[in-house]
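Residues per chain, in single letters:
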Amino acid sequence: MNSVIQKLWQWTRQANRAAEQQNANPNPIAYRICGWPELHESMRTAAVYRLLSTMSVRAVSRPWMLWKSELPSELVDRLLETLQQQGMLQVTALHGEQAHAEMELARREALVA
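Residues numbered from 1 in each chain as written. Predicted model: local features only at pLDDT ≥ 70, side-chain atom pairs only at ≥ 80, totals over all residues. Heavy atoms only, no water.

1. Quick word on the nonpolar core
- By size, the foremost hydrophobic cluster in this structure holds 21 residues, and its most contacted members are Met55, Met65, Leu79 and Leu83.
- Mapped by element, the contributors of at least two residues to this core are strand S1 (29-33), helix H2 (46-57), helix H3 (62-69) and helix H4 (73-85). (Core = buried A, V, L, I, M, F, W, Y, C linked by side-chain atoms within 4.5 Å. Buried < 20%, exposed > 50% of the residue type's maximum accessible area, 1.4 Å probe, protein only. Helix = DSSP H or I, 4+ residues; strand = E, 2+ residues; numbered from the N terminus.)

Set out below in structure tokens:
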């Protein structure tokens, strides 16, 4: 019984954290690449290449990257930084339905984590 209460408490805390993030960033941003970057050897993995392939076709948010690629957040941040440094990253603000969908995805990600 104690583990059930602990799990409910954990879910509540994660949901609150997700709500705070949504309020802090009401207009999430999405990223798209405009060319193929030179990657450090540690980033040359199938998961990174799959993510880059998707990003070459459409813009995706950071929560989507974390959810779909299952890459650690540190690696996603390092990848975005590398793309930015090489001038390969296009940043777009999401609005309306797309922004709402991305915030819902971020909320679900926080609940699963």
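2. Quick look at H4
- The first and last C-alpha atoms of H4 sit 18 Å apart over 13 residues, in line with the 18 Å expected at 1.5 Å per residue.
- Along H4, the residues classified as buried are Leu75, Val76, Leu79, Leu80, Thr82 and Leu83. On an axial view of H4, the arc spanned by its buried residues comes to 160°, and they lie on one face. For H4, the exposed residues set more than 90 degrees away from the buried face come down to Glu74 and Gln85.
- Trailing H4 by a residue or two, Gly87 shows a phi angle of about 70°, which is positive. (Expected span 1.5 Å × (residues − 1). Arc of directions from axis to C-beta.)

3. Examining the packing of H2 against H3
- For the pair H2 and H3, interaxial distance at closest approach is 10 Å and the crossing angle is 135°. As summarised for this structure, H2 and H3 are arranged oblique, according to the angle between their axes. For the crossing formed where H2 meets H3, the hand is right-handed. Residues Ala47, Leu51, Thr54 and Met55 of H2 touch H3, and the partners they reach there are Trp64, Met65 and Ser69.
- Counted by class, the contact of H2 with H3 contains 5 nonpolar, 2 polar and no charged residues. (Axes fitted to C-alpha atoms, helices over the stretch in contact; angles between N-to-C directions. Parallel < 35°, antiparallel > 145°, perpendicular 65-115°, else oblique. Left-handed = near helix turned anticlockwise from the far one by under 90°. Contact = heavy atoms within 4.5 Å. Nonpolar A, V, L, I, M, F, W, Y, C, P; charged D, E, K, R; others polar.)

4. Section: the pairing of S1
- Examined bridge by bridge, S1 and strand S3 (residues 89-93) share 5 bridges and lie antiparallel to one another. Bridged to Ile29 within S3 is Ala93.
- Where S1 and strand S2 (residues 60-61) come together, 2 bridges link them in antiparallel fashion. Residue pairing across strands places Tyr31 opposite Val60, the latter belonging to S2. (Pairing = 2+ DSSP bridges.)

5. Brief notes about the packing of aromatic side chains
- Evaluation of the coordinates by the stated rule reveals 0 aromatic pairs.
- We note Arg58 situated over the ring of Trp64; from NZ or CZ to the ring centre the distance is 4.9 Å. (Phe/Tyr/Trp six-rings, centres within 6.5 Å; stacked < 30°, edge-to-face > 60°. Lys NZ or Arg CZ within 6 Å of the ring centre and 35° of its normal.)

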